[in-house]
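Breakdown of the fold
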Amino acid sequence: MVAVAAITARSTLPVQGGELAVSTTPAQNVDRLSWFNAARFGMFIHWGVYSVPAGEWAGKSMPDHGGEWIMEDCKIPVSEYAKFAPQFHPEQFNARAWVHMATNAGMKYIVITSKHHDGFAMWRSDLSEWGIRATPFERDPLKELADECRHAGIRLCFYYSIMDWHHPHWPERRAWNDTASGTPDMERYVAYMKGQLKELLSRYGPIGILWFDGEWEKPWTHAHAVDLHRYVRSLQPDIIINNRIDKVRQGMGGMDKGQGVGDYGTPEQEIPANGFGPGVTWESCMTMNNTWGYRKDDHKWKSTQTLIRNLIDCASTGGNYLLNIGPTAEGLFPDASIVRLEEIGDWMNQNGEAIYDTTASPFKQEITWGRCTQKGDKLFLHVYNWPADGRLLAPLLNQKVKAWLLRTPGRKLKCKDTPEGLVIQLPASAPDKIASVIVVQVTGKILPAAHERGDGTPAQKR
Ligand code: FHN
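Residues numbered from 1 in each chain as written. Predicted model: local features only at pLDDT ≥ 70, side-chain atom pairs only at ≥ 80, totals over all residues. Heavy atoms only, no water.

Taken in spatial order, the three strands of this open sheet run β13-β17-β16, and their pairing is antiparallel. On the outer flanks of this sheet lie β13 (391-394) and β16 (415-418), each paired with one strand and no other. Strand-to-strand, the axes of this sheet are offset by a mean angle of 25°, without reference to chain direction. Here β13 runs beside strand β17 (residues 421-425); their pairing, made up of four bridges, is antiparallel. Directly across from Ala-394, in β17, lies its bridge partner Leu-422. (Pairing = 2+ DSSP bridges. Helix = DSSP H or I, 4+ residues; strand = E, 2+ residues; numbered from the N terminus. Axes fitted to C-alpha atoms, helices over the stretch in contact; angles between N-to-C directions.)

What follows is the structure, given as structure tokens:
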């Protein structure tokens, strides 16, 4: 297992040339991340001009990949791809409805693609015609979302791709970029990126996270990351920046090997089986079907049970769950996404207390019946497999406890200390088939049963 550098509070980081990358103290970084670690659940939105082709080009479905990769995967000449812009007219876009669906599902922040790898700006950038400016859509979707998020009390965050398949100065120029000419100049590209980021961080109020991506290609270096990190922090000192600004992320596992300048790790389409211990901040981003950007042919929707248990799995190992929506070119969430968001919201309405502001399970050993989260002196036991005999064994020994179903706090459950652990007598049927939550309030320090679980357990792919 790759040794994971704890992405914890940073002080100062030496970089090439010796200058210091950041000058925040550990306490400042803990403060910066406090809302994020309490939130536990966010909405990812991949929305751009790629929603027009929606996974189809020249009458054929694109290869099995996210719909947002269609230009690359189908090697669409940029001049051809640009013809999608006049077709992008999402008149049915309703920021209030989107934010309501997110908050109703229990999500506390929204990360939306401001610019994905295709370089298309989802705001009226003064630095490029390539974006919303090139469409008949005369509104500013990021402004409307910013206003609605502020009104709803949740954080708006921006995804921004470092790699840019459209810009003439991105050095890894694609052969099918037939609109670019001359020799790419990375420093001019960096200046362009900084200009766009200044627009994003000065027009829409406080932004929760800058969610960088597309950092993997060669022209982008650690030195660029340090410089950009300092620049972004100069614009919004309290903003959180993920680890994909730098060059130390270990693939889809998402965590850093070595010291980078990002604030948190970003596992993708997988959930770390054991988490990374206290003080390490991370967030698993995952799709609801198999694509990030909308594809009309992707009907492989995960069940609501899978999505809720993914959320619980993340919280119980100390991380956040960033669940993706890929809206259509009309500005609508797919119906299958809407249904799942509503069902997740029903569960969160009853059980959100067991997710928000919790920390990872104190138990090291595998819990066969479900998961556990913790908040102060309370343990939240998320029971996936309700015991047929009504006896639930929790790995607690010789501790003074009170226990109840989260849904019926007035009805205490019988508990018995045994050499194997704490046996809680449950009612015959589970209150919730996806996950029923039992609260165990412990007097004094929580002392998990001794034996550790090996740490070689692979992350569970979903
Ligand atoms: O290439 C992107 C992909 O399109 C999508 O945005 C995901 C979401 O995290 N990130 C990259 C793949 O790792």
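Now that the structure has been shown, we can carry on.
On to the pairing of strand β10 (residues 320-325), then. Most of β10 is tucked away, with six of its six residues classed as buried. On β10, burial covers both faces: Asn-320, Leu-322 and Asn-324 on one face and Tyr-321, Leu-323 and Ile-325 on the other are all buried. Direction of pairing for strand β1 (residues 41-45) relative to β10: parallel, over a ladder of five bridges. If you follow Phe-41 over to β10, its bridge partner there is Tyr-321. (Buried < 20%, exposed > 50% of the residue type's maximum accessible area, 1.4 Å probe, protein only.)

Moving on to the confidence of the model for the protein. The share of residues in the protein with pLDDT of 70 or more is 92%, and the mean pLDDT across the chain is 92. Below pLDDT 50 for its whole length, residues 1-21 participates in 60 contacts with residues either more than four positions away or in separate chains. Residue range residues 451-458 is modelled with pLDDT below 50. Its contacts to residues more than four positions away, or to other chains, number 14 contacts. (pLDDT = per-residue confidence, 0-100. Contact = heavy atoms within 4.5 Å.)

Here we come to empty space enclosed by the protein. A full pass over the atoms with the stated rule returns three cavities of 30 Å³ or more. Taken as a whole, the largest cavity holds about 80 Å³ of empty space. If you go around the largest cavity, you meet 14 residues; those closest to its centre are Asn-289, Thr-291, Trp-301, Gly-326 and Pro-334. Of the residues that constitute the lining of the largest cavity, the class distribution is six nonpolar, six polar and two charged. Of the voids in this model, the second largest cavity is the one considered here, and its volume is about 40 Å³. Taken together, Asn-351, Leu-405, Leu-406, Arg-407, Pro-431, Asp-432, Ala-435, Ser-436 and Val-437 make up the lining of the second largest cavity. Per-class residue counts for the lining of the second largest cavity are five nonpolar, two polar and two charged. (1 Å grid on protein atoms, 1.4 Å probe; cavity = no way out; pocket = protein on both sides within 12 Å on 5 of 7 lines; lining within 4 Å. Points joined across faces, edges and corners; volume = space filled by probe spheres on them. Nonpolar A, V, L, I, M, F, W, Y, C, P; charged D, E, K, R; others polar.)

This next bit is on the side chain of Ser-316. Assignment of secondary structure puts Ser-316 in helix α8 (residues 304-316). Among the polar contacts listed, one links the side chain of Ser-316 to the backbone oxygen of Asp-313, at a separation of 3.0 Å. (Polar contact = N/O pair within 3.5 Å; in protein donor to acceptor, adjacent residues only side chain to side chain.)

This next bit is on the sheet that holds strand β9 (residues 283-286). Overall, parallel pairing links the seven strands, which are arranged β7-β6-β5-β4-β1-β10-β9 in an open sheet. Every other strand in the sheet has two partners, leaving β7 (240-241) and β9 as the edge strands with one partner each. Where β9 meets β10, four bridges bridge the pair, whose relative direction is parallel. From the neighbouring strand, Ser-284 faces β10, where its bridge partner is Tyr-321. In the packing of helix α5 (residues 141-152) onto the sheet, contacts are made with β4 (109-115) and β5 (155-161), and the angle to β5 comes to roughly 150°.

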